Amino acid sequence: MKFMIVAATLAVCLCLSTAAPLTEEVENIVPAAEENYRLITDIEPINYNVSLKPYLLDSDPSEKRFTFDGEAYITIKPKVTTSTLVLHSKNLKYSLREFYAKSKPDVKTTLPAVEPNNVTDIVTYTLTSALVANQEYVLHFVYTGTMDDDMHGFYRSSYTDSKNNTKWLGSTQFQTNHARRAFPSFDEPRFKATFDITLTSHKSMKTYSNTRIVNSTTNGDYVTDRYATTPKMSTYILAFIVSEFNERFNGDFGVIARPEFYKQTEYAFDVGQEILKDLGDYFDIPYYSMGNDKMHMAAIPDFSAGAMENWGLLTYRERALLYDEGSTTLSAQQYIAAVVAHEQAHMWFGDLVTCQWWSYTWLNEGFARYFQYFGTHNVETHYQMDQQFVVDQIQAVMNMDSTVNTNPMSDENTNTPADLSRMFNSISYNKGGTFIRMVKYVMGEENFKNSLREYLKTHQYTNTVPSDLFTVWKKYIPAQFQSYADGLFKSFTEQVGYPVITFNLTTPTTLVISQKRFLLKEGDGADGNLLYTVPITYTTNVENNFNLTTPKLFVTPNDTSVEQTLPQAVSWIVGNVQETGYYRVNYDVKSWHGIHHALLTNNWGGIHELNRAQVVDDLFNLARASVIDYDLALDILAYLKTETNYLPWTAAFNGYNYLVIRLGLETKNFAVYIRDMTSKAYDFLGFEDKPTDTTLDIYNRAKILSWACKFGKKECITKAQEYFKNLDNKPVPVNIRSAVYCTAMREGTEADFNKLYNKYLTETVATEVTLILNSLGCVKDSKLVSKFFHIIVSDSVRRQDKSAALSSLYSENNENVEPVFDLVAENLDALANSMGGYSSVASVISNIASRFTTAQQENKLKNFNTQNRGKFGGSASTLDSAEKTVKENLDWAEKKLGTFKSHLEKYTTGGSASLSGFTALSMVLFAVLARFLC
């Protein structure tokens, strides 16, 4: 004991004498083309009156099957006198095109039979007589269109009912540029208008649209429903459904789904009403006061997006809306509530007030993502989504935003369909929501709420650009921060990336703060000279206040460094309280060790769980980027052996996942390491839910069990197999099913696979179907890998689910990476046909290749690309990016992975890397002494 005290004292003295500073898939960005995709703004639409009649039934004429008849009257008003009429149309065949002055409906002029540009979808009509400024005209079109199965435009979907009959339906997905496939239109968000929709369908079917039906008429076997006029809105949020669905409806609010799924609509029906009212109260604009007096939410069997914010007719994948008490996990139930909140938040941010162009997608999606978490939290507090935001959103986007493969939140370089798709990435969603949350903490909650109310009321039924929001926000920024507002807004929305803020305790009372852009990769072409205006928060062991989230100061691009004098000497400091700011934090080595020692004391030194998660995430990524040494990071991360909270463990598993991928097939020592690191959490949480569990305990249990079983914890595997063996007699406890199913597939036989696959084929709960499908990808036996791959390619798996199923097959086991690549190469054409095109396959190849760990695999990719690039067209650039990623990963592993391997080797053999009881006790003594000696 005396030796330990002396050693600890010497360590403290040495520490005080030195103050030296110390997996995410790449999203491919396609540059904009020179072609002009934008409409001229000389003409604005006022109203669309659109009638559609789809043909979906066997009894319909064969030549019309899966087509629709359409007629559109579009009222327009030129802003200037012009002889040019420009609008969008795609895949529509016209039998009549004409226009007339609204004041002279009998004097019609035929429009020329002009075809749209096959790249931009723009139709340009040159008129023989000019349209006069400020006079209204009516464009009249009669046409037909196709109901394809690609989940865009007005498309077809199907399902098998309880009597094994195939049922067809028609649904829509117009965002961002697909309304033009249903009717000729000014198909950009800035061209807002009202819509009058009429739908004709067979009497066996029902129709739904954004508003209420105002009257219905019957003509033989067909019923025509005419809908009330919509509020003034953009084309992309128009929607209609023709189906045999049933609805749960109270006169104002309803949920629509297959008849046999009626019972599964109850949770969404209840929580949806609560969230919609709560959001209306928060914004001080009740939903039903905005010009649409009803709300439906529909579960669609085939749906490309997770969900869609059509005003008054929200559409969802079935797993994002339907809940079954006995089969839906708590995390899947939370997902339903969160997606509902996301789409309902769009009624204000996106529908009532809309971004002027997709360059500013974050004005829609950033707020929807923010309220996805905090709107849900206000109603379903037990999910603790306010805390999950940090690990789900902030930490998830930071990797992408620290490479050359990123884009600014406000991106003027947005033109082509590829550009539009790019804008619906994690920058607009995660970073957008993160930026909004950061501004909220600068303002304070009450100012933030009032600013949003003013913004919405000022700009309702119109379009906005970021400066419109910033003008309002500046009114509510506290006086002491006003001078920083413009810098804060511009540096995080117009620039890419974010900084790493270094906290350097040069003395126990002197803090020097500096910034530098954080870059994950060396020499990837990203600009490392960018600087930001950053709100700074911190606390110390003396203050120990992790609830004080108001900035203490700002760091600006003009500051080389900022010096702060602390009122008392401190032994540790933690920056970015509750990770309220969008930045990483680095420390001098002494301060890092101070944090480490605090984490090893009772209750982790009082350090907030969000900041423990932040410390973990920063350590992994600072080391990955060579900002700090891996030895230092791994030394501090050893504290995880004492951790039981979900948030730090989620950050840890994300960090470990990158390293595990880089290890490839060399995971034997890591398995020993992670079993030991998770042992306390495993014992603390157990295998089944407890009455005392919080939501995050339940989620943490699922993660801990998954990693423990995956890396060979015998008790974990045995229990999982026992649960699976009794599956037919007793359902697996719902919240551990992912770990049980996956373990059973990884360790099981073909009979086990067939057992779970047969359950997939007969399951009627959408959330369970998704869970089973992804669990089937945990197989490791080569025969079963091939079998499941071919199941994915077949019609047994819906197109919308194929990518996720494939991902599970190559991501759940490192051993599967190369075999799955080989299967893709061998079945390339069939897979492309199955997934809807080679662009989807290019993404699969890129994601698999990001897991390559050998030069032989790199050569295999190059050979594949050489032989097949001609098939990929514009997506060949994705294959080129994949080659670059593989080279970067191999180079990184050659330089950095050896340290981690050595650490694992020492840990496995009981060397200095392992946290022995002696070392742990020494660290505790170190921390106690540090409080008195610093």
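Definitions and limits used
- Throughout, a residue's number is its position along its own chain's written sequence, starting from 1.
- pLDDT decides what is reported in this predicted model: residues at 70 or higher carry local features, side-chain atom pairs at 80 or more are listed and counted, and totals for whole chains, interfaces and linings draw on all residues regardless.
- The side-chain numbers reported here are obtained from all heavy atoms of the structure, hydrogens and water having been left aside.
- UniProt positions are given in the numbering used here, feature names are shortened, and annotations may be inferred rather than shown by experiment.
- Going along the chain from the N terminus, every DSSP run of H or I of four or more residues is numbered as a helix, and every run of E of two or more is numbered as a strand.
- Marked domain ranges trace back to an automatic or database domain assignment.
- Between two residues, a contact is recorded if the distance between any of their heavy atoms is within 4.5 Å.
- When two components associate, each loses some accessible surface as probed by a 1.4 Å sphere; the sum of these losses over both components is called the buried area.
- In this scheme, a residue with accessible area under 20% of its type's maximum is buried, one over 50% is exposed, and one in between is partly exposed, where area comes from a 1.4 Å probe on protein chains only.
- Stacked, edge-to-face and tilted labels apply to pairs of Phe, Tyr and Trp rings (six-membered ring for Trp) whose centres lie within 6.5 Å, assigned for plane angles under 30 degrees, over 60, and everything in between, in that order.
- We call two strands paired when DSSP finds no fewer than two bridges between them.
- Here, axes are lines fitted to C-alpha atoms. For helices the fit covers the stretch in contact, and angles between N-to-C directions go from 0 to 180 degrees.
- The nonpolar core is taken to be a set of buried Ala, Val, Leu, Ile, Met, Phe, Trp, Tyr and Cys residues, with the residues joined through side-chain atoms within 4.5 Å.
- For this analysis, a salt bridge means a side-chain nitrogen from Lys or Arg found within 4 Å of a carboxyl oxygen belonging to Asp or Glu.

### Considerations on the UniProt feature "domain: Peptidase M1 membrane alanine aminopeptidase" (unreviewed entry) in the protein chain
Stage number 1. Those residues carrying the UniProt feature "domain: Peptidase M1 membrane alanine aminopeptidase" (unreviewed entry) are residues 267-475 in this numbering.
Stage number 2. Note that residues 267-475 is 55% helix and 9% strand, and that its end C-alpha atoms are spaced 40 Å apart.

### Points about the domain arrangement of the protein chain
Stage number 1. Annotation of the protein chain at the domain level lists domain 1 (43-243), domain 2 (245-352) and domain 3 (362-496).
Stage number 2. Centre-to-centre separation of domain 1 and domain 2, based on C-alpha positions: 25 Å.
Stage number 3. The interface is formed by 31 residues belonging to domain 1 together with 33 residues belonging to domain 2.
Stage number 4. Of all residues in domain 1, Tyr159, Tyr208 and Arg212 give up the largest surface area on contact with domain 2, accounting jointly for 24% of the area buried on that side.

### Side note on the environment of glutamate 747
Stage number 1. Looking at where glutamate 747 falls in the secondary structure, it is placed in helix H19 (residues 737-747).
Stage number 2. According to the relative accessible area criterion, glutamate 747 is partly exposed, its value standing at 35%.
Stage number 3. Distance in space between the C-alpha atoms of glutamate 747 and alanine 113 is 64 Å, their sequence separation being 634 residues.
Stage number 4. Once residues lying within four places of it in the same chain are set aside, the contact partners of glutamate 747 are Ile717 and Gln721.

### Observations concerning the packing of aromatic side chains
Stage number 1. Across all of its chains, the model carries 77 aromatic pairs by this definition.
Stage number 2. Centroid distance phenylalanine 283 to tryptophan 348: 5.2 Å. Interplanar angle 50 degrees. Geometry classified as tilted. On the criterion of sequence distance, the pair formed by phenylalanine 283 in helix H2 (residues 266-283) and tryptophan 348 in the loop between helix H3 (330-345) and strand S20 (353-355) is long-range, its members being 65 residues apart. Tryptophan 348 shares its class with phenylalanine 283; the two are buried.

### What about the sheet that holds strand S7 (residues 137-146)?
Strands pair in a sheet through their backbones, by hydrogen bonds, and they do so in one of two ways: parallel or antiparallel.
Stage number 1. Strand order across the open sheet formed by eight strands is S5-S4-S7-S2-S1-S10-S13-S12, with mixed pairing between neighbours. The sheet is open, and its two edges are formed by strand S5 (108-110) and strand S12 (213-219), each paired on a single side. Strand after strand, the sheet turns through a mean of 15 degrees between neighbouring axes, direction not considered.
Stage number 2. Of the strand pairs in this sheet, strand S10 (residues 194-202) and strand S13 (residues 222-227) are connected by five bridges, and their pairing is antiparallel. Its bridge partner lying in S13, histidine 202 is registered against tyrosine 222.

### Details of the nonpolar core
Stage number 1. Judged by nonpolar contacts, the single largest core of 298 residues is most densely connected at Trp348, Trp473, Tyr656 and Phe670.
Stage number 2. Sequence-distant contacts of phenylalanine 670, that is, excluding residues within four places in its chain, are made with Tyr656, Val660, Leu663, Trp707, Phe711, Phe900 and Leu904.

### Here we look at unusual backbone geometry
As a rule of thumb, non-glycine residues mostly have phi less than zero, and peptide bonds are mostly trans rather than cis.
Stage number 1. Put simply, glutamine 175 and threonine 176 share a cis peptide bond, and its omega is 0 degrees.
Stage number 2. Within the secondary structure, threonine 176 sits in the loop between strand S9 (166-173) and S10.
Stage number 3. Not every positive phi belongs to a glycine, and phenylalanine 66 is a case in point at roughly 60 degrees.
Stage number 4. Of note in this structure, asparagine 134 is not a glycine but carries a positive phi near 70 degrees.
Stage number 5. Note on placement: asparagine 134 falls in the loop between strand S6 (122-131) and S7.
Stage number 6. Asparagine 134 sits in the exposed class, given a relative accessible area of 56%.

### Remarks on the pattern of salt bridges
Stage number 1. What the rule picks out here adds up to 47 salt bridges.
Stage number 2. Where glutamate 750 meets lysine 783, a salt bridge forms, and the shortest distance between an N and an O atom there is 3.0 Å. With a gap of 33 residues between them, glutamate 750 in helix H20 (residues 750-762) and lysine 783 in helix H22 (residues 782-793) connect regions that are remote in the sequence.
Stage number 3. Note on glutamate 750: relative accessible area 28%, which makes it partly exposed.
Stage number 4. A salt bridge links aspartate 880 to arginine 869; the nearest nitrogen and oxygen atoms lie 3.0 Å apart. With a gap of 11 residues between them, aspartate 880 in helix H28 (residues 876-908) and arginine 869 in the loop between helix H27 (855-868) and H28 connect regions that are remote in the sequence.

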